[in-house]
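# Structural overview for review
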Amino acid sequence: MVYEIMCMGEICPLPLLKAKKKFEEMKEGDILKVVVDHRCTLDNLESYFSKLNCSIEVKEVLRGVWEIYIKK
């Protein structure tokens, strides 16, 4: 299953807290898509989820807008 969180205009820690909460509810193999428009939020999400040893893919879909795909 794919879940999506839109965090446009939000700065940390709110997007990270939302992503952590949803990630805890997910099952193995599920994907969480987080859309952000702040570089610091992108960096924080990558840093946190890389420590959990899950798969992370980042796409810059517009200048300054990123989609982060986190697979549990």
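Described below are features of the structure shown in this document. (Residues numbered from 1 in each chain as written. Predicted model: local features only at pLDDT ≥ 70, side-chain atom pairs only at ≥ 80, totals over all residues. Heavy atoms only, no water.)

The next point concerns the pattern of salt bridges. Pairs can form between side chains of opposite charge once their charged atoms are near each other. Tallied over the full model, the rule gives seven salt bridges. For K33, the salt bridge is made with E4, and the minimal N-O distance between the two is 3.8 Å. Pair noted here: K33 is in strand β2 (residues 31–36) and E4 is in strand β1 (residues 2–6), with a separation of 29 residues, a long-range link. Using a relative accessible area of 16% as the deciding quantity, one classes K33 as buried. When the shortest N-O distance is used, the salt bridge between R39 and D43 registers 3.3 Å. Within this pair, R39 and its partner D43 are both found in helix α2 (residues 39–50), separated by four residues, close to a single helical turn. (Salt bridge = Lys/Arg side-chain N within 4 Å of Asp/Glu carboxyl O. Helix = DSSP H or I, 4+ residues; strand = E, 2+ residues; numbered from the N terminus. Buried < 20%, exposed > 50% of the residue type's maximum accessible area, 1.4 Å probe, protein only.)

Spatial relationships are all this shows, so hold off on functional conclusions.
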